[in-house]
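Structural characterization, general
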Amino acid sequence: MEHADVQSFSRNTNDQRKVLNGNVVFRHDSSYMYCDSAYFYERDLSLEAFGTVRLEQGDTLFVYGDYLFYDGNIELAQMRRNVRMVNIQQDSSIVTLYTDSLDYDRIADMCYYFEGGRIVDAENVLTSFYGRYSPATKIAVFNDSVCLTNPNFILYSDTLEYSTETKIAVILGPSVIESDSGTVYSTKGWYNTQENTSLLLDRSQVFSGEKILTGDSLEYDKANGTGTAYGNMILRDTAQDMTLTGHYGYYEEKTEYAFVTDSACALEYSQGDTLFLYADTLELITTDSTSRYLRAVGGVRFYRSDIQGICDSMRFNTKDSVLHMFGTPVLWSENQQLTGDSIIIYMADSTIDYVHVPTSAFSVQQVDSGSFNQLGGNDLKAWFQGKIPEHIDIDGNVETIYYPLNADSTIELLNYLKSSYLSMWMNSRGGMEKMKFWPESVGKVTPIPDLTNEQKTLKKFVWYDDLRPVDRYDIFRFYNKGKMVAGSDNPPAAEPDTPPVGADSIPAFRESSIVPGAVNLPKNNTGTLPLKTSGNSAGSLIIKK
């Protein structure tokens, strides 16, 4: 005891207790305790302090309250009612803890509260039911109903560790971070409240508008609005019903730009079916509130039950539902295969409406294991009804091989035709109903027994069935680019800076007129039948099955 205005004791009441009043001061080593009145138990090395109580530890720690019990044997101070602890940091900033029940262990230099507390510093306000704070390390640990309030966000947690020196909050339990830009869910990680950056582990999630980013670990920079995901990343776009997956991903909140690589895959949900697309790199580019571009680069493979394809790169516009395939693209639908320098697919309600191949078009339809209908030319346009093309137009250097089917589905003839332009109409089973060639056409019909191997295929014919994705998992299978030998002397086309011809407008459906004097092919033919028009531009040739 350093000072008291009045000292007294009563043998009848407690001969071991001194009663002190007026400007009472106690000291234990370097700690001082001040109060209005006190009970001093000198033999037990303990005291009770009342009134305006203050405990000082050096020149950096000050604890205030209405009541204090101090046990000098174990150096434990128990402050109660209207407790306020003030800790001055090295940078002269102040951290204040408010509670009604605080225990201060001087040996461990640790403060505990257990009936609700609040810590306030220059950056944040933290509240919880239980907590502890070390004045030496400047580390606070909060448990049960934790809330960290920052001008830019609010963090709710089950267990949180916070450094009043570095302003870094370490997430140790289920936590939610809410801000005007989105919501973060995590169970493990850290958040720098000064720089608004974080590292989140254990499958954390970032919700930003209609996007959800998930990963084994996430780096999130709220100040710049960017998120980077590592390991089993998933980016879900709920508005567009699209999901991007991979082992590395990057997302910008402001521009809504996304980048995915390392086993990158896009899933597009529509019409009760899902399109699965793989590429070395995927980009989701948002141009406005209604338009987004999905760009795939390197080893592109995609699968949906009604359509499959491979190419070097691909671009899909969600606004007009146009898909561009570049670099030796191959497109399959049912028993149809389509190739060209590039392929443009126009979708309607997520089904194929129209396909345009601007250059080096080549279409193959498998009739049986050894027979293929083939159609080649410069520019091809095909209109679809469901999964089957119903009308095809080809412009320039047209060549075709067609196997007419008998009523019993047997094949007796091969029909070869060559012309400048072609229109073809198909039935609901994918079979040819009629064809129209103009202005000049040369053709012949050969019985199957008289065919040579060279006559069965056109120059550009290659059947890429072994490269065709067979299910959603097969898109990850590597395919050898060296096998893409479509017979063209032109190198694979890279993605152009500007869309190719026909990419921005859908040509009107060409309804060719039926011309008098059509040639009807007989079902049973012997030998070859040369067919040639007079060369008059007004003439044409129509072949009817």
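Once a new chain begins, its residue numbering starts again from 1 and follows that chain's sequence as written. Only residues with pLDDT of at least 70 get local features here, since the model is predicted, and only at 80 or more are side-chain atom pairs given and counted; chain-wide, interface and lining totals rely on the full set of residues. In computing side-chain values, all of the structure's heavy atoms are included and hydrogens and water are not.

The helix and strand labels rest on DSSP assignments: H or I over at least four residues marks a helix, E over at least two residues marks a strand, and numbering proceeds from the N terminus. Looking only at helices and strands, the protein features one helix and 39 strands. The rule is simple: take the accessible area with a 1.4 Å probe, protein chains only, and divide by the maximum for that residue type; under 20% is buried, over 50% is exposed, in between is partly exposed. Expressed as a percentage of the 545 residues in the protein, the buried residues total 51%. Of all intrachain contacts in the protein linking residues separated by at least 6 positions in sequence, the fraction that spans at least 24 positions is 42%. Using a 1.4 Å probe, the Shrake-Rupley method yields the accessible areas, and only the shown protein chains count as cover for residues. Total accessible area computed for the protein in this model is approximately 24,900 Å², and 49% of it derives from carbon and sulfur atoms. Residue contacts are counted whenever heavy atoms from the two residues lie within 4.5 Å of one another.

Bringing the side chain of aspartate 379 into the picture now. Tracing the chain through its elements places aspartate 379 in strand E33 (residues 379-385). Polar side-chain contacts of aspartate 379 include one of 3.0 Å to the side chain of histidine 356. Under this definition, polar contacts are N or O atom pairs within 3.5 Å; protein pairs additionally need one hydrogen-donor-capable and one acceptor-capable atom, and for neighbouring residues in sequence, both atoms have to be side-chain atoms.

Turning our eyes to something else, we now look at the nonpolar core. We call a set of buried residues a nonpolar core when its members are Ala, Val, Leu, Ile, Met, Phe, Trp, Tyr or Cys and they connect through side-chain atoms within 4.5 Å of each other. Ranked by internal contacts, the top residues of the largest apolar core, which has 96 residues, are Leu244, Leu282, Met314, Met325, Leu331, Ile345 and Val355. For this core, the element with the most residues is strand E23 (residues 273-288), which contributes five residues. Beyond its immediate sequence surroundings of up to four residues, leucine 282 is in contact with Leu244, Ala258, Phe259, Val260, Ala264, Cys265, Ala266, Leu277, Leu294, Arg295 and Ala296.

The subject of this paragraph is the pattern of salt bridges. Close approach of charged atoms allows side chains of opposite charge to pair. Criterion for a salt bridge: a side-chain nitrogen of Lys or Arg within 4 Å of a carboxyl oxygen of Asp or Glu. Summed over all chains, the structure comprises 15 salt bridges. Notably, a salt bridge pairs lysine 167 with aspartate 121, separated by 3.3 Å at the nearest N-O pair. Here lysine 167 is found in the loop between strand E13 (153-163) and strand E14 (168-171), whereas its partner aspartate 121 is found in the loop between strand E9 (117-120) and strand E10 (125-128), with 46 residues between them in sequence. Both residues of the pair, lysine 167 and aspartate 121, belong to the buried class. Here arginine 477 makes a salt bridge to aspartate 474, at a shortest N to O gap of 2.7 Å.

Turning our attention to the environment of leucine 458. The topology assignment puts leucine 458 in the loop between strand E36 (432-447) and strand E37 (519-520). A relative accessible area of 8% means that leucine 458 is categorised as buried. Distance in space between the C-alpha atoms of leucine 458 and glutamine 374 is 7.2 Å, their sequence separation being 84 residues. Ignoring any residue separated from it by four or fewer positions in sequence, one finds leucine 458 in contact with Phe362, Gln374, Gly376, Glu399, Thr400, Ile401 and Tyr416.

A few words on the confidence of the model for the protein. Summary of the metric used: pLDDT quantifies the predictor's per-residue confidence within the range 0 to 100. Per-residue confidence for the protein averages 83 on the pLDDT scale, and 86% of its residues sit at or above 70. Across the protein, E10 holds the top mean pLDDT of 95, while E37 sits lowest at 32. Within the model, the stretch residues 486-545 combines pLDDT values under 50 with 136 contacts to residues more than four positions away or in other chains.

Looking now at the packing of aromatic side chains. Planes of paired rings set the category: under 30 degrees apart is stacked, over 60 is edge-to-face and the rest tilted, where pairs are Phe, Tyr or Trp rings (Trp by its six-membered ring) whose centres lie within 6.5 Å. One pass over the full model with this rule turns up 15 aromatic pairs. Measuring from centroid to centroid gives 5.0 Å for phenylalanine 372 and tryptophan 463, while their planes differ by 50°, and the two rings are tilted. On the criterion of sequence distance, the pair formed by phenylalanine 372 in strand E32 (residues 371-377) and tryptophan 463 in the loop between E36 and E37 is long-range, its members being 91 residues apart. Residue tryptophan 463 is classed as buried on the basis of its relative accessible area of 19%. Through a chain of ring-to-ring contacts, three or more aromatic side chains come together here, namely Tyr39, Phe50 and Tyr67. Criterion for a charge above a ring: Arg CZ or Lys NZ at most 6 Å from the ring centre, at most 35 degrees from the ring normal. In this structure, arginine 54 is placed above the aromatic ring of tyrosine 34, and the distance from its NZ or CZ to the ring centre is 4.1 Å.

Moving residue by residue along a regular strand, the side chains alternate between the two faces of the sheet. Buried residues dominate strand E19 (residues 211-221), accounting for nine of its 11 residues. The pairing criterion is simple: DSSP has to find at least two bridges between the two strands. Where strand E18 (residues 197-208) meets E19, 10 bridges bridge the pair, whose relative direction is antiparallel. Counterpart to glutamine 205 in the pairing with E19 is threonine 214. In sequence, E18 turns back onto E19 through a hairpin of two residues, with glycine 209 there showing a positive phi of about 60°. Two strands pair when backbone bridges link them, and E19 and strand E20 (residues 226-237) are joined in this way by nine bridges, in the antiparallel orientation.

A few words on the environment of methionine 325. Counting through the fold element by element, methionine 325 comes out in strand E26 (residues 322-326). Considering only alpha carbons, one finds methionine 325 and serine 313, 12 residues apart in sequence, at a separation of 6.1 Å. Those residues in contact with methionine 325 that lie beyond four places of it in its chain are Phe302, Gly309, Ile310, Cys311, Ser313, Met314, Val330, Leu331, Ser342, Ile343 and Ile345.

Of the strand pairs in this sheet, strand E21 (residues 242-252) and strand E22 (residues 257-270) are connected by nine bridges, and their pairing is antiparallel. What sits directly across from glutamate 252, in E22, is tyrosine 257. A loop of four residues connects E21 with E22, the two strands running antiparallel in sequence, and glutamate 256 in this loop sits at a positive phi of about 55°. The pairing of E22 with E23 spans 11 bridges and is classified as antiparallel. Paired with serine 270 across the strands is aspartate 273, a residue of E23.

Residue proline 439 is bonded to the preceding tryptophan 438 through a cis peptide linkage, with omega at -5°. You will see that arginine 81, though not glycine, has its phi angle at about 65°, which is positive. Mapped onto the elements of the fold, arginine 81 is located in strand E6 (residues 76-88). The phi torsion at glutamate 334 lies on the positive side, around 55°, for a residue other than glycine. Among the secondary structure elements, glutamate 334 is positioned in the loop between strand E27 (330-333) and strand E28 (336-339).

Further remarks concern the side chain of aspartate 103. By the element assignment, aspartate 103 lies in strand E7 (residues 94-105). At 3.0 Å, the side chain of aspartate 103 forms a polar contact with the side chain of arginine 80. Beyond its immediate chain neighbours, meaning those up to four positions away, aspartate 103 contacts Leu76, Ala77, Gln78, Arg80, Met110, Cys111, Tyr112 and Phe114.

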